[in-house]
Amino acid sequence: MRYLVLTDIHANLEALQTCLADAVARGYDNTLVLGDIVGYGADPNAVIERVRGLAPTAIIRGNHDKVALGIEQAECFNAVARNAAEWMLEALTPDNRQWLVDLVKGPREVDDLVQICHGSPTDEDEYLFDQFAAAQALQATARPLCLFGHTHCAITYRMRNGACDTIPGSANTEAVLTLQPNVKYLVNPGSVGQPRDGDPRAGYGIVDTEARRVWLFRLEYDIEGAQRKILAAGLPEALARRLAAGR
Ligand code: ZN
């Protein structure tokens with residue numbers, strides 16, 4: 001089985017379309033979506049419709065998707081994110097808003113090899129930014145490979161013989177990981193629609209469960225087109241600027 005792995009799309013249609021075209025060319029069977037389909041970007045409805053069209057095998061909500069439950073979900077957002085959340089609630093069609101409301105909370109076990117979560121396997125809102133937090137998360141994972149998002153930074157953490165280390169996943173155009181026996185992995189493929197690891201290219205992953213391999217890809221996309229839409233929608237300018245910076 002080859003899974004296309006998408007996380008933190010954040011209503012960025014240009015980035016999503018680029019990733020999907022690339023994934024189709026490489027070939028995949030099913031799709032996994034790790035949350036934050038919307039928020040920040042100017043195309044929540046079009047992005048939801050593309051994701052719905054993929055009929056993902058497994059999909060979980062992210063903190064920005066939870067805003068569909070009500071604006072109080074954006075309580076701990078900063079001013080820019082909250083402004084974008086308010087804009088999104090106005091923009092969503094009732095049907096797409098309900099679809100977001102119905103998304104389930106992670107983690108979810110996909111098969112014998114793969115588990116997905118948004119923040120961490122124990123807390124959907126946790127940011128896994130360091131090895132200490134990753135080591136704790138790796139102890140809680142229910143499968144050898146746990147895929148996560150939320151930080152918008154491509155990275156791989158690995159637990160071998162009780163010790164945790166990292167394998168950077170974003171420095172190259174293509175990072176390939178072969179899963180070893182008796183090792184647990186925690187992999188963030190990077191954000192499709194709002195990368196924050198200093199590389200503004202859209203990130204996504206493919207997992208091949210038979211070959212036990214994970215590929216992390218970074219792709220140039222029409223950043224200016226996405227920025228123009230953000231500005232035309234009256235969303236905060238900072239959201240347009242950060243796309244080009246990858247921060
Ligand atoms: Zn996010």
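Calculation criteria
Residues numbered from 1 in each chain as written. Predicted model: local features only at pLDDT ≥ 70, side-chain atom pairs only at ≥ 80, totals over all residues. Heavy atoms only, no water. Helix = DSSP H or I, 4+ residues; strand = E, 2+ residues; numbered from the N terminus. Rg over C-alpha atoms; globule rule 2.2 N^0.38 Å. Buried < 20%, exposed > 50% of the residue type's maximum accessible area, 1.4 Å probe, protein only. Donors = N, O, S within 2.8 Å, 3.2 Å for Na, K, Ca; no water. Core = buried A, V, L, I, M, F, W, Y, C linked by side-chain atoms within 4.5 Å. Contact = heavy atoms within 4.5 Å. Pairing = 2+ DSSP bridges. Disulfide = S-S within 2.5 Å. Axes fitted to C-alpha atoms, helices over the stretch in contact; angles between N-to-C directions. Parallel < 35°, antiparallel > 145°, perpendicular 65-115°, else oblique. Nonpolar A, V, L, I, M, F, W, Y, C, P; charged D, E, K, R; others polar. Phe/Tyr/Trp six-rings, centres within 6.5 Å; stacked < 30°, edge-to-face > 60°.

**Thoughts on the overall build of the protein**
Across its full length, the protein carries seven helices and twelve strands. The C-alpha atoms of the protein give a radius of gyration of 17 Å, which matches the 18 Å a tight globule of 247 residues would have. Principal-axis analysis of the C-alpha atoms places the extent of the protein at approximately 50 × 35 × 30 Å. Within the protein, the fraction of its 247 residues that count as buried is 57%.

**A closer look at the coordination of the zinc ion**
For the zinc ion, every protein donor is listed as Asp8 (OD), His10 (NE2), Asp36 (OD) and His152 (NE2), and the spread of their distances is 2.1 to 2.2 Å. We classify aspartate 8 as buried; its relative accessible area is 0%.

**Topic: the environment of alanine 84**
By the secondary structure assignment, alanine 84 is in helix H3 (residues 79-91). Separated by 61 residues in sequence, alanine 84 and leucine 145 place their C-alpha atoms 33 Å apart.

**Thoughts on the nonpolar core**
In a soluble, globular protein the nonpolar side chains are often hidden away together inside. Membership of the largest hydrophobic core comes to 47 residues, with the highest contact counts inside it found for Leu6, Leu16, Ile37, Val51, Trp99, Leu100 and Tyr204. Here this core takes six residues from helix H1 (residues 13-26), the largest share from any one element. Excluding its chain neighbours within four sequence positions, the residues that come into contact with tyrosine 204 are Leu4, Val5, Leu6, Cys19, Asp22, Ala23, Arg26, Pro189, Trp215, Leu216, Phe217 and Leu219. Grouped together as the second largest cluster of nonpolar side chains are 21 residues, Tyr3, Leu32, Ala58 and Val214 included.

**Observations concerning helix H2 (residues 44-54)**
Within the span of H2, buried status applies to Pro44, Asn45, Val47, Ile48, Val51 and Leu54. On its buried side, H2 packs onto strand E1 (2-6), H1, strand E2 (30-33), strand E3 (58-59), H3 and helix H4 (94-101). Where H2 ends, the next residue or the one after it, alanine 55, has phi of about 45°, a positive value.

**Let's talk about the sheet that holds E2**
Taken in spatial order, the six strands make up an open sheet running E3-E2-E1-E11-E12-E9, and their pairing is mixed. Of all strands in the sheet, those bounded by a partner on one side alone are E3 and strand E9 (174-178). Sheet analysis places E2 next to E3, joined by two bridges and oriented parallel. Note that in E3 the partner of valine 33 across the bridge is isoleucine 59.

**Observations concerning the pairing of strand E10 (residues 184-188)**
A large share of E10 lies buried, amounting to four of its five residues. Where strand E6 (residues 145-147) meets E10, three bridges bridge the pair, whose relative direction is parallel. Across the sheet, cysteine 146 pairs through a bridge with leucine 186, a residue of E10. Where strand E7 (residues 155-160) meets E10, five bridges bridge the pair, whose relative direction is antiparallel. Note on E10: the bridge partner recorded for arginine 158 is tyrosine 185.

**Focus on the state of the cysteines**
One pass over the full model with this rule turns up zero disulfides. Sulfur of cysteine 76: no disulfide; nearest cysteine sulfur belongs to cysteine 117 and is 18 Å away.

**Some remarks on the packing of helix H6 (residues 223-232) against helix H7 (residues 237-245)**
Taken N-terminus to C-terminus, the directions of H6 and H7 make an angle of 175°; their axes are 8 Å apart at the nearest point. By the angle between their directions, the pair H6 and H7 is classed as roughly antiparallel. On H7, the residues that touch Ile223, Ala226, Gln227, Ile230 and Leu231 of H6 are Glu237, Leu239, Ala240, Arg241, Leu243 and Ala244. Within the contact of H6 with H7, the residues separate by chemical class into eight nonpolar, one polar and two charged.

**Brief notes about the packing of aromatic side chains**
Evaluated as defined, the whole model comprises three aromatic pairs. Residues tyrosine 204 and phenylalanine 217 carry aromatic rings whose centres are separated by 5.1 Å and whose planes lie at 35° to one another, so their mutual orientation is tilted. Residue tyrosine 204 is found in strand E11 (residues 202-208), and its partner phenylalanine 217 is found in strand E12 (residues 213-219); the two are separated by 13 residues along the sequence. Classification of tyrosine 204 as buried rests on a relative accessible area of 0%. For phenylalanine 217, a relative accessible area of 4% translates into the label buried.

**A word on unusual backbone geometry**
Only a minority of non-glycine residues have a phi that is not negative, and only a minority of peptide bonds are not trans. In this structure, the amide linkage connecting glycine 106 to the following residue, proline 107, adopts the cis form with an omega of 0°. Note that proline 107 resides in the loop between H4 and strand E4 (108-109). With a phi angle near 45°, alanine 55 is a residue other than glycine that sits in the positive phi range. Mapped onto the fold, alanine 55 is located in the loop between H2 and E3. A positive phi is found at arginine 212, a non-glycine position, where the angle reads about 50°. Along the polypeptide, arginine 212 turns up in the loop between E11 and E12. Residue arginine 212 is classed as partly exposed on the basis of its relative accessible area of 29%.

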